[in-house]
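Structure at a glance
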Amino acid sequence: MFDLGMAELLVIGVVALIVVGPKDLPILFRRVGQFVGKAKGMAREFSSAMNQAADQAGVKDVTDTLKGATQGMNKIANPLQTAADAVKDTAKSAVDINPDSETGKLAAKRAEDNRKVKEAMEKKAQERLETEAREAEEAAAKARARAEAARKSSETTEDEA
């Protein structure tokens with residue numbers, strides 16, 4: 001719609017600062033922002049109303065029918081595209097692996113190995129978390145013991161004084 005770059009916006013801002021003044025400039029920008037927001041809201045509402053009217057009139061059904069007809073015509077008119085589609089279908093069927101074949105057995109073995117590795121990693125991570133929790137508890141107990149010893153030490157020095 002409008003092609004405003006950073007330089008144009010800067011010129012507009014400087015002119016607005018000179019014309020409006022620094023005191024009223026934030027108010028002006030706020031009002032412009034509100035106006036733009038209202039305009040966008042009205043445009044969105046208008047667009048959704050037009051889409052609803054088109055859906056009620058059955059335009060979508062007609063466009064779907066036309067797209068289907070043109071796709072059929074494209075297959076006839078474009079043999080290269082038809083050949084490319086056939087190659088894609090063949091490649092897709094080649095990806096489907098028969099589980100009884102050698103490739104299927106290897107794929108199943110790899111999947112099982114991946115599952116075992118994942119389980120081992122989860123177990124190791126759980127053990128590491130448990131070890132860290134135990135070490136944290138021990139460190140907390142040592143800190144409590146030191147704090148208790150420091151408290152008793154300070155009580156004895158206060159009693160002597």
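That block above? That's the structure.
Note that the structure is predicted; figures quoted are calculated from it, not measured.

Quick notes on the rules
Residue numbering note: each chain is counted from 1, following its sequence as written. Only residues with pLDDT of at least 70 get local features here, since the model is predicted, and only at 80 or more are side-chain atom pairs given and counted; chain-wide, interface and lining totals rely on the full set of residues. Side-chain figures throughout are based on the complete set of non-hydrogen atoms in the structure, without hydrogens or water. Only DSSP runs of H or I reaching four residues or more are called helices, and only runs of E reaching two or more are called strands; each is numbered from the N terminus. Here the Shrake-Rupley method, with its probe set to 1.4 Å, supplies the accessible areas, and only the displayed protein chains count as covering residues. Nonpolar side chains (Val, Leu, Ile, Met, Phe, Trp, Tyr) within 5 Å and like charges within 9 Å form the patches, drawn only from residues with over 30% relative accessible area and no salt bridge. Salt bridge, as used here: a side-chain nitrogen of Lys or Arg that lies within 4 Å of a carboxyl oxygen of Asp or Glu. Using a 1.4 Å probe on the protein chains alone, a residue whose accessible area is under 20% of its type maximum counts as buried, one over 50% counts as exposed, and one in between counts as partly exposed. Positive residues here are Lys and Arg, negative ones are Asp and Glu, while His and the chain termini are left out of the count. For charged residues, the charge sits on one atom: NZ in Lys, CZ in Arg, CG in Asp, CD in Glu.

Let us now look at the overall build of the protein. Helix and strand content of the protein: five helices and zero strands. Each helix and strand of the protein, placed in order from N terminus to C terminus, yields the pattern α-α-α-α-α. Approximately 14,500 Å² of the protein is accessible, and the part contributed by carbon and sulfur atoms is 62%.

With that out of the way, let us pick up a nonpolar patch on the surface. Residues Leu10, Val11, Val14, Val15, Ile18, Val19, Val20, Leu28, Phe29, Val32, Phe35 and Val36 make up a contiguous nonpolar surface patch of about 1,100 Å² in total accessible area. Contributions of two or more residues to the nonpolar patch are made by helix H1 (6-20) and helix H2 (25-57). The greatest single-element share of the nonpolar patch, amounting to seven residues, is contributed by H1. Residue position: Ile18 is located in helix H1.

The next thing to look at is the pattern of salt bridges. Overall, the coordinates contain four salt bridges when judged by the stated rule. With a shortest N-O distance of 3.3 Å, Lys109 and Asp113 are connected by a salt bridge. Pair noted here: Lys109 and Asp113 are both in helix H5 (residues 102-160), with a separation of four residues, about one helical turn. For Asp113, a relative accessible area of 33% translates into the label partly exposed. Between Glu112 and Arg115 there is a salt bridge; the shortest N-O distance is 2.2 Å. Taken together, the residues Glu112 and Arg115, both in helix H5 and three residues apart, mark about one turn of the helix. Among the residues examined, Arg115 registers a relative accessible area of 37% and is labelled partly exposed.

Before going further, it helps to examine a negative patch on the surface. Side chains of Glu132, Glu135, Glu137 and Glu138 sit close together on the surface and give a patch of like negative charge. For Glu138, the location among the structural elements is in helix H5.

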